Amino acid sequence: MVTLSTPLSHNTLSSSQLSTKRHGCLLQQLHLPLRISCSSAYKRVPKTEECSSPFKELRTVACGLLAVCTVATASPVIAANQRLPPLSTEPNRCERAFVGNTIGQANGVYDKPLDLRFCDYTNEKSNLKGKTLSAALMADAKFDGADMSEAVMSKAYAVGGSFKGTDFSNAVLDRVNFGKANLQGAIFKNTVLSGSTFDDAQLEDAVFEDTIIGYIDLQKLCTNKTISAEGRAELGCR
């Protein structure tokens, strides 16, 4: 399980100057940068000390923003320019797809990476259906002709993968990176594609009947020139 244990301490917030009066405490001009210490431990602050700390409210806001930034950067999603972990040496790593990743599910949280890179699941018709493959590493893997209907692939990294004729009907494929993947003839019938990207992907003859996708994501998908006229009509591309 991925956990967050990043201490927020001695972070510096910069500005020019601060001068105000609140709660009966006169704040003289403060020359910044100020050093603000953030801690998760609760500590009662006496009234006299509260007035002697003119930037108390500023400190609260700053620590809150720093906490949000820290949590956001702790996500297990693989960015496009981020280095991937070394290829797993687990002997049966490809067979792990038949079990799936049940920890965290749609949030893509895992105890260890589900590394399916370079695995071959060509024409696999039974063992991938309905499986949870959240945050799976699928780069350069082969799923041609596979039945992946009702599968959950939230936050999967499928750059360069081959999914020719793969059936994704009723699957949840949100926030998947399909960059440079071969998706010719793939079936996205009633499939959730929110937040997924298809940069330089091959989408000839792909089926998008009743696909569930956000407006902004749709606009990006429609820029892919490989989508057939029928596919563009199903998506509602203009």
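In case you missed it, the structure is sitting above this.
Residue numbers here run from 1 along each chain, matching the order of that chain's written sequence. The model is predicted, so local features are restricted to residues of pLDDT at least 70 and side-chain atom pairs to those at 80 or more, both for listing and for counting; the totals for chains, interfaces and linings are taken over all residues. Water and hydrogen atoms play no part in the side-chain values, which are based on all heavy atoms of the structure.

We now examine the overall build of the chain. Helix numbering and strand numbering both begin at the N terminus, where a helix is a DSSP run of H or I of at least 4 residues and a strand a DSSP run of E of at least 2. Scanning the chain for helices and strands turns up four helices and four strands. Secondary structure elements of the chain occur, N-terminal to C-terminal, as β-β-β-β-α-α-α-α. Using a 1.4 Å probe on the protein chains alone, a residue whose accessible area is under 20% of its type maximum counts as buried, one over 50% counts as exposed, and one in between counts as partly exposed. Relative to its full complement of 238 residues, the chain shows a buried share of 37%. Pairs of residues are marked as contacts when any of their non-hydrogen atoms sit within 4.5 Å. For the chain, the share of sequence-separated contacts (at least 6 apart) that also reach a separation of at least 24 residues comes to 27%. Computed with the Shrake-Rupley method and a 1.4 Å probe, the accessible areas treat only the protein chains shown as cover for residues. Surface exposure of the chain reaches about 13,700 Å², of which carbon and sulfur atoms provide 52%.

The next thing to look at is the side chain of Asn182. Here Asn182 shows up in the loop between helix H2 (56-72) and helix H3 (215-221). Sequence-distant contacts of Asn182, defined by excluding residues within four places in its chain, comprise Gly161, Ser162, Phe163, Lys164 and Gln202.

On to the state of the cysteines. Pairs of cysteine sulfur atoms within 2.5 Å are identified as disulfides in what follows. With the rule as written, the count across this model stands at two disulfides. Shown here is the disulfide that connects Cys94 with Cys119, its sulfur atoms set 1.9 Å apart. Classification of the bridge connecting Cys94 and Cys119 rests on its S-S torsion, roughly -80°, and on that basis the disulfide is left-handed. Separated by 25 residues along the polypeptide, Cys94 in the loop between H2 and H3 and Cys119 in the loop between H2 and H3 bring together distant segments of the chain. The disulfide partner of Cys222 is Cys237, and the S-S distance across this bridge is 1.9 Å. Here Cys222 and Cys237 share a disulfide; its torsion about the S-S bond, -80°, makes the bridge left-handed. Of the two residues, Cys222 sits in the loop between H3 and helix H4 (229-235) while Cys237 sits in the segment after H4, which places them 15 residues apart along the sequence. In this structure, Cys222 and Cys237 share a single accessibility class: buried.

A word on the packing of aromatic side chains. Ring pairs are drawn from Phe, Tyr and Trp, using the six-membered ring of Trp, whenever the two centres fall within 6.5 Å, and their geometry is named by plane angle: stacked under 30 degrees, edge-to-face over 60, tilted for the rest. Per the stated rule, a full pass over the model turns up 10 aromatic pairs. Relative to Phe188, the ring of Phe168 lies with its centre 5.4 Å away and its plane at 10°, an arrangement referred to as stacked. Taken together, the positions of Phe168 in the loop between H2 and H3 and Phe188 in the loop between H2 and H3 put the pair 20 residues apart, joining distant regions of the chain. Each member of the pair, Phe168 as well as Phe188, carries the same accessibility label: buried. Relative to Phe198, the ring of Phe188 lies with its centre 6.3 Å away and its plane at 85°, an arrangement referred to as edge-to-face. Here the residue Phe188 occupies a position in the loop between H2 and H3, and Phe198 occupies one in the loop between H2 and H3, the gap between them amounting to 10 residues. When sorted by exposure, Phe188 lands in the same class as Phe198, which is buried. Ring pairs connect the aromatic residues Phe98, Tyr121, Phe143, Phe163, Phe168, Phe178, Phe188, Phe198 and Phe208, which therefore count as one cluster.

The phi torsion at Ala135 lies on the positive side, around 60°, for a residue other than glycine. Structurally, the position occupied by Ala135 is in the loop between H2 and H3. Positioned with a positive phi, Arg175 is a non-glycine residue whose angle comes to about 60°. With a relative accessible area of 36%, Arg175 lands in the partly exposed category.

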